[in-house]
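Now for the letters of each chain:
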Amino acid sequence: MTIDLSLMSRKELLKLQSDVEKALQDAELRERQEALKAAEEAAAKFGFSLEEITDAARQVTKKAKAAPKYRNPSNPEETWTGRGRKPHWVHAALTAGMDISDLEI
């Protein structure tokens, strides 16, 4: 089916656009529901519920926060894991002649 858009009025085109957007939303919802049903069936084949699998996947993907390796001697609340950019206090200590090992916890 081909629609000649050049023959349609602006009002008809806007109505068509609205209808297409609604149809796309309905199609996405329908496809999501079908995908969810298929995933639940696949999990059930292995004796699991979908919730059990997704909860286990979330637990595996969570990373533990890195433990701090260095502490600011003048403010013990400031720590650094050794990852990422060096904090200002690390740069200041190193330029003052301290060794990085002096800042280790």
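Residues numbered from 1 in each chain as written. Predicted model: local features only at pLDDT ≥ 70, side-chain atom pairs only at ≥ 80, totals over all residues. Heavy atoms only, no water.

1. Some details on the overall build of the chain
Looking only at helices and strands, one finds three helices and two strands in the chain. Walking the chain from its N terminus toward its C terminus, one meets helices and strands in the order α-α-β-β-α. Relative to the compact-globule value of 13 Å for 105 residues, the chain shows a C-alpha radius of gyration of 29 Å, a clear excess of over 25%. Reported as C-alpha extents along the three principal axes, the dimensions of the chain are approximately 80 × 50 × 20 Å. (Helix = DSSP H or I, 4+ residues; strand = E, 2+ residues; numbered from the N terminus. Rg over C-alpha atoms; globule rule 2.2 N^0.38 Å.)

2. A look at the nonpolar core
Counting residues in each nonpolar core, the largest one holds six residues, listed as Tyr70, Trp80, Trp89, Val90, Ala93 and Leu103. When near neighbours in sequence (up to four residues on either side) are disregarded, Trp80 contacts Pro68, Lys69, Tyr70, Arg85, Lys86, Pro87, Trp89, Val90 and Ile100. (Core = buried A, V, L, I, M, F, W, Y, C linked by side-chain atoms within 4.5 Å. Buried < 20%, exposed > 50% of the residue type's maximum accessible area, 1.4 Å probe, protein only. Contact = heavy atoms within 4.5 Å.)

3. Side note on the pattern of salt bridges
Within the structure shown, the criterion is met by three salt bridges. Salt-bridge contacts for Lys22 lead to Asp26; the nearest nitrogen and oxygen are separated by 2.9 Å. Within this pair, Lys22 and its partner Asp26 are both found in helix H1 (residues 10–45), separated by four residues, close to a single helical turn. One salt bridge in this structure joins Arg32 and Glu28, with 3.0 Å as the shortest N-O distance. Of this pair, Arg32 and Glu28 are both found in helix H1, four residues apart, which corresponds to roughly one turn of the helix. Residue classification places Arg32 among the exposed residues on the basis of a relative accessible area of 55%. (Salt bridge = Lys/Arg side-chain N within 4 Å of Asp/Glu carboxyl O.)

4. Considerations on a negative patch on the surface
A grouping of Glu40, Glu41, Glu51 and Glu52 is seen on the molecular surface, where their side chains present a negatively charged patch. Elements supplying a minimum of two residues to the negative patch: H1 and helix H2 (50–61). You can see Glu51 is positioned in helix H2. (Patch = residues over 30% accessible without salt bridge, like charges linked within 9 Å, V, L, I, M, F, W, Y side chains within 5 Å. Areas by Shrake-Rupley, 256 points an atom, 1.4 Å probe, with all protein chains shown as cover. Lys, Arg positive; Asp, Glu negative; His and termini not counted. Charge placed at Lys NZ, Arg CZ, Asp CG, Glu CD.)

5. Points about the environment of Leu103
Along the polypeptide, Leu103 turns up in the segment after helix H3 (88–95). With a relative accessible area of 1%, Leu103 lands in the buried category. For the pair Leu103 and Trp80, spaced 23 residues apart in sequence, the C-alpha to C-alpha distance is 9.6 Å. In contact with Leu103, not counting residues within four places along its chain, are Lys69, Tyr70, Arg71, Pro73, Trp89, Val90, Ala93 and Met98.

No statement about biological role is implied by the geometric values presented.
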